[in-house]
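Spelled out, the chains give:
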Amino acid sequence: MIEDDLRAAFARHETLTPPTGPVRAAIERSVVRRRRRRFRLRLGGTALALVVAALVGVPAFTPDRPAPVELLIDPAPSKPTGALNVLLVGADGSADRPYRLADSVLLVHIPADRSRLYLVSLPRDLEVSIPGHGRDKLNASLSFGAGTPRPDLARGYALTRRVVSDTTGVRIDAGAVLTYPALRKLADAVGGVPVCLPAEVRSAHTRRVFPAGCQQLDGAASVDLLRQRYGMPDGSLDRDRNAQRYAAGLLRRVDERGVLTNPVLLSTLLREVGTGLVTETGETSLPALLSVAAQGTGAAPVAVVLPVRYVEKPSYRFRLDPTLSPGFLAALRADRLGEWTAAHPDRVTGLG
């Protein structure tokens, strides 16, 4: 009886029920908007990762993945206004074998006026103080921090960041580490990277010859070039300079391909690179850091190697140049690298 009464009641009010089509369409539109919003936020992280890779042009991995909850809460964060320093560390290894020492260490300085980017190479053989390990080469900090038998690059990066900050006296705002396998995939995904070399480079690993002048490098050739230091006049310092030249070429290639404005290409590159690239942004959000970095790409980057001097004992390594390094580091800390490089043009790496 009760069931019959309910059926009759529903029948009397059926004409008042709104059509289901528009309601269902509205729900679907809301779901799509939310998905697109989240996709845009994820692309912000992807784009920053690609910018980081473009800036370094050498291996990079970052310890902390972006927190999607925070990004969703604050989709349009305020942009940092001061100078920023991004530490980029290169690891010669892959996910299925222990990582070795840091092959490349690059500090990207973004001045407060966002006029251009400064690529500061820190020689991997620079003698530094490593907490808990005494005096050693800078490249050892990644290995000491990562540990064994299955190294943790997050901890390796954290120790390297601390050592670089202690050595230079600058605050590190963000950072990354990219492995060589990930770099190889990235270079191939963008269709190769243009690089201009001032002199011929002969590979000690593959016997490949890189002629003087401008050329296009695929992923395998990119990794091969970035590993070379033997047979060059300044050894590992020349390798740092070639890494800066490669960085400039990769940044130019990413800009030419419109990577940062093409969601399809961005997602494809993210899949190609895989887990070999992650980012740490500290207190700066991914969208804000991406926006700031993009502002500095309007002018050609300026590259310089941290002033050092060679010491033969106790082993092959460098120490800070007592004449030039104090002024250089003071300029870096005070955001006056433009003045310092203008006063020391012979210390600037030719990129093209």
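Residues numbered from 1 in each chain as written. Predicted model: local features only at pLDDT ≥ 70, side-chain atom pairs only at ≥ 80, totals over all residues. Heavy atoms only, no water.

Chemist: Let's hear about the overall build of the chain: which residues, and what values?
Modeler: Helices and strands together make up the secondary structure of the chain, namely 12 helices and 15 strands. Counting every position in the chain, which comprises 352 residues, the buried fraction comes to 49%. Residue pairs at least 24 apart in sequence account for 68% of intrachain contacts in the chain once pairs closer than 6 positions are excluded. Split by element, the accessible area of the chain, about 17100 Å² in all, is 54% carbon and sulfur. (Helix = DSSP H or I, 4+ residues; strand = E, 2+ residues; numbered from the N terminus. Buried < 20%, exposed > 50% of the residue type's maximum accessible area, 1.4 Å probe, protein only. Contact = heavy atoms within 4.5 Å. Areas by Shrake-Rupley, 256 points an atom, 1.4 Å probe, with all protein chains shown as cover.)

Chemist: Residue-level account of the state of the cysteines, with values.
Modeler: In total, this model carries 1 disulfide according to the counting rule given. There is a disulfide in this structure between cysteine 196 and cysteine 214, and the S-S distance comes to 2.0 Å. Classification of the bridge connecting cysteine 196 and cysteine 214 rests on its S-S torsion, roughly 100°, and on that basis the disulfide is right-handed. One end of the pair, cysteine 196, is in strand E7 (residues 193-197); the other, cysteine 214, is in strand E10 (residues 213-217), and 18 residues separate them in sequence. (Disulfide = S-S within 2.5 Å.)

Chemist: Requested: an account of the packing of helix H6 (residues 180-189) against helix H7 (residues 219-226), with residues and values cited.
Modeler: Put simply, H6 and H7 touch, their axes get as near as 7 Å, and they point 135° apart. Viewed along their axes, H6 and H7 adopt a mutual orientation that is oblique. Seen from above, H6 lies across H7 with right-handed handedness. Contacts between H6 and H7 pair Tyr180, Leu183, Arg184, Ala187 and Asp188 from the former with Gly219, Ala220, Ser222, Val223 and Leu226 from the latter. Considering only residue class, the contact of H6 with H7 consists of 6 nonpolar, 2 polar and 2 charged. (Axes fitted to C-alpha atoms, helices over the stretch in contact; angles between N-to-C directions. Parallel < 35°, antiparallel > 145°, perpendicular 65-115°, else oblique. Left-handed = near helix turned anticlockwise from the far one by under 90°. Nonpolar A, V, L, I, M, F, W, Y, C, P; charged D, E, K, R; others polar.)

Chemist: Give me the pairing of strand E3 (residues 118-121): which residues, what numbers.
Modeler: Burial along E3 is two-sided: the residues Tyr118 and Val120 and Leu119 and Ser121 are all buried. Across 4 bridges, the pairing between strand E2 (residues 102-110) and E3 is antiparallel. Note on E3: the bridge partner recorded for leucine 107 is valine 120. Two strands pair when backbone bridges link them, and E3 and strand E12 (residues 302-305) are joined in this way by 4 bridges, in the parallel orientation. By the bridge assignment, tyrosine 118 is partnered in E12 with valine 302. (Pairing = 2+ DSSP bridges.)

Chemist: With reference to specific residues and values, describe the nonpolar core.
Modeler: Among the nonpolar cores identified, the biggest contains 36 residues, and Leu87, Leu107, Leu122, Leu138 and Phe328 are the most heavily contacted of them. The element that contributes the greatest number of residues to this core is helix H5 (residues 153-168), accounting for 5 residues. Not counting residues up to four positions away in its chain, the partners in contact with leucine 87 are Val105, Leu106, Leu107, Tyr157, Thr160, Arg161, Val164, Ile172, Ala174, Gly175 and Ala176. By size, the runner-up hydrophobic cluster in this structure holds 22 residues, among which are Leu183, Val195, Phe210 and Leu226. (Core = buried A, V, L, I, M, F, W, Y, C linked by side-chain atoms within 4.5 Å.)

Chemist: Describe the packing of H7 against helix H8 (residues 236-257), and please don't skip the residues or the numbers.
Modeler: Where H7 contacts H8, the two axes come as close as 9 Å, and the packing angle between them is 150°. Of the residues in H8, those in contact with Ser222, Leu225 and Leu226 of H7 are Arg239, Asn242, Ala243 and Tyr246. Its residues assigned to classes, the contact of H7 with H8 shows 4 nonpolar, 2 polar and 1 charged.

Purely geometric numbers; function is a separate question.
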